[in-house]
Amino acid sequence: MHSHHPGHPGRSGHPGRSGHPGRSGYSGHPGRHELGQNFLIDRRTIDTFTELVARTRGPIIEIGTGDGALTLPLQRLGRDLTGIEIDGRRAAKLRSRADRSTTIVTADFLRYRTPTTPHVLVGNLPFHETTALLRRILRSDGWTDAVLLVQWEVARRRAGVGGATMMTAQWWPWYSFRLEHRVPAAAFRPRPSVDGGLLTVARRPRPLVDPADRKDYQDLVARVFTGKGRGLAQIVTRAAPELPRRQVQEWLRTHRVDATALPKQLTAEQWAALHARYALQRC
């Protein structure tokens, strides 16, 4: 189980013994203050996390092992498991407790070179470094699925609940995001000020936009999200002047987009279709 580190990306530290009935991974001692640690101690959350990972296939890389509250249950899946832990002391301790088939690496995940072969990324991400870690994950090659515990609002926004954020829209053609489960603040010690959320991310087997066009697509999304206007008909016309007005109107009509809708209301498919028209005009 993992900890949340306000100032240290990729760090983790979780005592591995249960101090509460029905809970796991907590020794009764608060996290070291300088690392801003919050330990996941709720057994039901740990079981749910493990079940989500069990639905995936391939070797597992865990971001921030701490003392192994997630690592040890994940071993029971019988798959290759590599844990990345920045705290050398905790890494050494877990290495002595883990199965010989489990590899514990002392490293900062933000600087760790992930394999290019298929694998699954999992972890309880430090709440104050969530965005940096997500960007690192989304830019990494090879992984097919990710099971991540993040802040509740971050999980909701990434999954597009209540409307997609620019970051989600910029990565939608290559990944699908799903909000799985809310994790109450009481599931952590020390207790954080916000709830957590379990988020799953899957790499699309058939991208909606050619990966070679990623920069061009993401630039278009940024221009539309930050563009001015009273709805997408106005916003897109102003943000992408290369796209004739009739093309914008045809896109709205074909994909049943209300002219007064906002960028956050678009689906991945609608964004991809807009980019396809935009790209043709730029050829």
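Shown above is the structure to which this text applies.
A few points on the structure.

**What about the sheet that holds strand β5 (residues 119-124)?**
1) Next: Pairing is mixed across the open sheet formed by seven strands, whose spatial order is β4-β3-β2-β5-β6-β9-β7. Each edge of the open sheet carries a strand with a single partner, namely β4 (102-106) and β7 (175-183). Between one strand axis and the next, the sheet turns through 20 degrees on average, direction left out of account.
2) Next: Packing of helix α3 (residues 88-97) onto the sheet brings it into contact with β3 (81-85) and β4, and relative to β4 it is tilted by some 165 degrees.

**Regarding the nonpolar core**
1) Next: One finds Val224 and Trp271 to be the most contacted residues of the largest nonpolar core, which totals 53 residues.
2) Next: For this core, the leading source of residues is helix α10 (residues 268-282), giving six residues.
3) Next: Setting aside chain neighbours within four positions, we find Trp271 in contact with Ala169, Trp172, Tyr217, Val221, Val224, Phe225, Pro263 and Leu266.
4) Next: The next biggest cluster of nonpolar side chains, apart from the first, holds 18 residues, and it includes Leu40, Ile46, Phe49 and Leu149.

**Details of the pattern of salt bridges**
1) Next: If you walk through the whole model with that rule in mind, you get 11 salt bridges.
2) Next: Asp67 serves as the salt-bridge partner of Arg90, at 2.8 Å between the closest nitrogen and oxygen. Of this pair, Arg90 sits in helix α3 while Asp67 sits in the loop between β2 (60-63) and α2 (71-75), and the two are 23 residues apart along the sequence.
3) Next: Overall, the relative accessible area of 7% leaves Arg90 in the buried class.
4) Next: The exposure class assigned to Asp67 is buried, which follows from its relative accessible area of 2%.
5) Next: Across the pair Glu180 and Arg178 runs a salt bridge whose closest N-O atoms are separated by 3.1 Å.
6) Next: Residue Arg178 is classed as exposed on the basis of its relative accessible area of 53%.
7) Next: One connected set of salt bridges, linked through shared partners, spans Asp67, Asp87, Arg90 and Lys93.

The rules behind the values
- Residues numbered from 1 in each chain as written.
- Predicted model: local features only at pLDDT ≥ 70, side-chain atom pairs only at ≥ 80, totals over all residues.
- Heavy atoms only, no water.
- Pairing = 2+ DSSP bridges.
- Helix = DSSP H or I, 4+ residues; strand = E, 2+ residues; numbered from the N terminus.
- Axes fitted to C-alpha atoms, helices over the stretch in contact; angles between N-to-C directions.
- Contact = heavy atoms within 4.5 Å.
- Core = buried A, V, L, I, M, F, W, Y, C linked by side-chain atoms within 4.5 Å.
- Buried < 20%, exposed > 50% of the residue type's maximum accessible area, 1.4 Å probe, protein only.
- Salt bridge = Lys/Arg side-chain N within 4 Å of Asp/Glu carboxyl O.

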